[in-house]
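Given next are the chains, with one letter for each unit.
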Amino acid sequence: MLGDVVETLACPHCGADLAGDTAGLRCAAGHTFDIARQGYVNLLTGTGSVGTADTAAMVAARVDFLGAGHYDPIADALTAACADAAPGTLVDVGAGTGHHLARVLDALPGRYGLALDISKYALRRAARAHPRMGAAVCDAWRPLPVRTGAAARVLNVFAPRNPPELHRILAPEGTLVVAAPTAGHLAELVPALDLLQVDADKQTRIDAKLAPWFTVRARQSVTFTMALDHTAIAGVVAMGPSAWHTDPARLRSAIADLADPLAVTASVTVSAYDPVRRLPNP
C-alpha cells in the first residue's frame, strides 16, 4: 500500500522526492529508509519529542474503544467534512491507528490516505487499516516528510498542530480539518477519575495559533451520549493523555464506584480551515 502514497512523501533529511519498492525508499541524495515488515516506513530523524508517542498499551486500548463504535459520530463528522475533497492524498497528522482516516477513505473511492504519527505501535495498525492507506513515522513538531502542496486534505484529530508545516503540505485549494475536544468532553469522568480537563478556551487558542496560516470556513459541534461499561471507561482513559497521569490501582478503584454502564458525554468541535494564500513574514 505504501507504494500508492510514495509520491506524497519527501526525504526528512533533505526534502527531496522519495522513490522505491516494497523493501525501502531512497532519495536522489542517497538517503535510504527501510519499510518495516508491518508495512510502515520510519522517516523519523533523531529522537522524537519526549513523552509524545503512544505506548503499546495505549494503542491496544484505542483499537478496542474505537472498534466498538463509541466515537462513530466523530468519524461521521470528519467524513462529511472531507466529502468534497479533491482527488489526491488525504494526510492525517497524528493519525494514531488510522481509524478515522480509514472511515473517511471508505466514503471516498479513488482517494488515498497517508497516516503520520510518532508511535510505531500505532502505525503498525495504521499500515493495515485500509487498502488505500500508507503510514510513516515522523514527529509532528518537526518538518513533515511530505512534499509541499501534496495533500488534497489534511486531517488533525486530537493531535498536535504545527501550523507552518500543515500549511506547507496542503494544496492551495485544500482544507485543513481539525477535531478537538471541548470542555464538556467526558465531563462525567473528569472529576470522578481525576482526569486531565480540557480548557474552556481551547478552541479559541487553536484558532489563534492557526490564524497566521489558516482561516475558519466551517465549524460543527458534535455532542452525543455514550453508554460505557467499566471496561470501556478504562479504555477511554487508557488511550488518551490521562493515561500518562493516572495511578492504575487508584483508577480501577474509582471506576468500580461508577454506575455500570454510565452515560458519558462526548463533545468535540470539527472545524474546516482554508489556507491563507499569502504566508506570514518569518
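What you see is a predicted model; the values in this text were computed from it and never measured.

Enquirer: I'm lost on the sheet that holds strand 7 (residues 133-137) in this one. Help?
Expert: Backbone-to-backbone hydrogen bonds pair the strands of a sheet. The strands run either parallel or antiparallel. Strand order in the open sheet formed by 8 strands is 4-7-6-5-8-9-11-10, and the pairing between neighbours is mixed. On the outer flanks of this sheet lie strand 4 (41-42) and strand 10 (214-228), each paired with one strand and no other. In this sheet, strand 9 (residues 170-181) lies alongside strand 8 (residues 151-157) in parallel orientation, the contact comprising 6 bridges. Within the sheet, the bridge partner assigned to R153 lies in strand 9 and is T175. Running over the sheet, helix 3 (residues 99-106) touches strand 5 (89-93), strand 6 (112-117), strand 7 and strand 8 and is turned about 170° from strand 6.

Enquirer: Looking at this structure, how should I read the packing of helix 2 (residues 72-81) against helix 3?
Expert: For any two helices packed against each other, one specifies the crossing angle of their axes together with the interaxial distance. Contact geometry of helix 2 with helix 3 gives a least axis separation of 9 Å together with a crossing angle of 50°. Considering their axes alone, helix 2 and helix 3 lie oblique with respect to each other. Pair helix 2 / helix 3 crosses with right-handed handedness. In this structure, helix 2 uses D72, I74, A75, D76, L78 and T79 to contact helix 3, whose residues at the interface are H99, H100, R103 and V104. Here the residues of the contact of helix 2 with helix 3 are counted per class, giving 4 nonpolar, 3 polar and 3 charged.

Enquirer: Sorry if this is basic, but what is going on with a positive patch on the surface here?
Expert: Together, R37, K120, R124 and R128 make up a positively charged patch on the protein surface. You can see R37 is positioned in the loop between strand 3 (32-34) and strand 4. For R37, a relative accessible area of 75% translates into the label exposed.

Enquirer: Would you explain the pattern of salt bridges in this entry?
Expert: Here the idea is simple: oppositely charged side chains can pair when their charged atoms come close. Evaluated as defined, the whole model comprises 11 salt bridges. Residues R142 and D139 are paired through a salt bridge, measuring 3.8 Å at the closest nitrogen-oxygen approach. As a salt-bridge pair, D274 and R217 come within 2.9 Å of each other at their nearest N and O atoms. Taken as a pair, D274 in strand 11 (residues 262-275) and R217 in strand 10 lie far apart in primary sequence, 57 residues in all. D274 gets classed as partly exposed once you look at its relative accessible area, which sits at 25%. Through salt bridges with shared partners, a single network forms among D72, D76 and R103.

Enquirer: How should I be thinking about the environment of A151 in this particular structure?
Expert: Along the chain, A151 turns up in strand 8. Given the relative accessible area of 0%, A151 is considered buried. Put simply, A151 and L9 are 142 residues apart on the chain and 10.0 Å apart in space, counted from C-alpha to C-alpha. Apart from the residues within four sequence positions on either side, A151 is in contact with T89, V91, I169, L170 and A171.

Enquirer: Looking at this structure, I do not really get the side chain of N162. What am I missing?
Expert: Along the chain, N162 turns up in the loop between strand 8 and helix 5 (163-169). Relative accessible area serves as the criterion here: at 14%, N162 is assigned to the buried category. There is a polar contact of 3.2 Å between the side chain of N162 and the backbone oxygen of A140. Apart from residues lying up to four places away in sequence, N162 is in contact with A140, W141 and R142.

Enquirer: Whenever I open this one, the nonpolar core confuses me. Can you help?
Expert: Soluble, globular proteins show a tendency: their nonpolar side chains are buried together. One finds F65, Y71, L189, L193, M226 and V270 to be the most contacted residues of the largest nonpolar core, which totals 52 residues. Examining the composition of this core, we find that 5 residues originate from one element, strand 11, more than from any other. When near neighbours in sequence (up to four residues on either side) are disregarded, L189 contacts D194, L195, I233, V236, L258, L262 and V264. Counting 34 residues, the second-largest nonpolar core is a separate cluster that includes C27, L144, L176 and V178.

Enquirer: Help me out: how do you make sense of the pairing of strand 5 in this one?
Expert: Looking along a regular strand, one sees the side chains alternate between the two faces of the sheet. In terms of residue burial, strand 5 counts as a mostly covered element, since 5 of its 5 residues are buried. Burial along strand 5 is two-sided: T89, V91 and V93 facing one way and L90 and D92 facing the other are all buried. Pairing between strand 5 and strand 6: 5 bridges, direction parallel. Opposite V93, over in strand 6, you have L116 as the bridge partner. In this region the chain leaves strand 5, passes through helix 3 and returns to the parallel neighbour strand 6; the handedness of that crossover is right-handed. Note that strand 5 and strand 8 share 4 bridges and pair parallel. Pairing of L90 across the sheet is with R153, part of strand 8.

Quick notes on the rules
- Residues numbered from 1 in each chain as written.
- Predicted model: local features only at pLDDT ≥ 70, side-chain atom pairs only at ≥ 80, totals over all residues.
- Heavy atoms only, no water.
- Pairing = 2+ DSSP bridges.
- Helix = DSSP H or I, 4+ residues; strand = E, 2+ residues; numbered from the N terminus.
- Contact = heavy atoms within 4.5 Å.
- Axes fitted to C-alpha atoms, helices over the stretch in contact; angles between N-to-C directions.
- Parallel < 35°, antiparallel > 145°, perpendicular 65-115°, else oblique.
- Left-handed = near helix turned anticlockwise from the far one by under 90°.
- Nonpolar A, V, L, I, M, F, W, Y, C, P; charged D, E, K, R; others polar.
- Patch = residues over 30% accessible without salt bridge, like charges linked within 9 Å, V, L, I, M, F, W, Y side chains within 5 Å.
- Areas by Shrake-Rupley, 256 points an atom, 1.4 Å probe, with all protein chains shown as cover.
- Salt bridge = Lys/Arg side-chain N within 4 Å of Asp/Glu carboxyl O.
- Lys, Arg positive; Asp, Glu negative; His and termini not counted.
- Charge placed at Lys NZ, Arg CZ, Asp CG, Glu CD.
- Buried < 20%, exposed > 50% of the residue type's maximum accessible area, 1.4 Å probe, protein only.
- Polar contact = N/O pair within 3.5 Å; in protein donor to acceptor, adjacent residues only side chain to side chain.
- Core = buried A, V, L, I, M, F, W, Y, C linked by side-chain atoms within 4.5 Å.
- Right-handed = clockwise from strand over helix to strand, strands pointing away.

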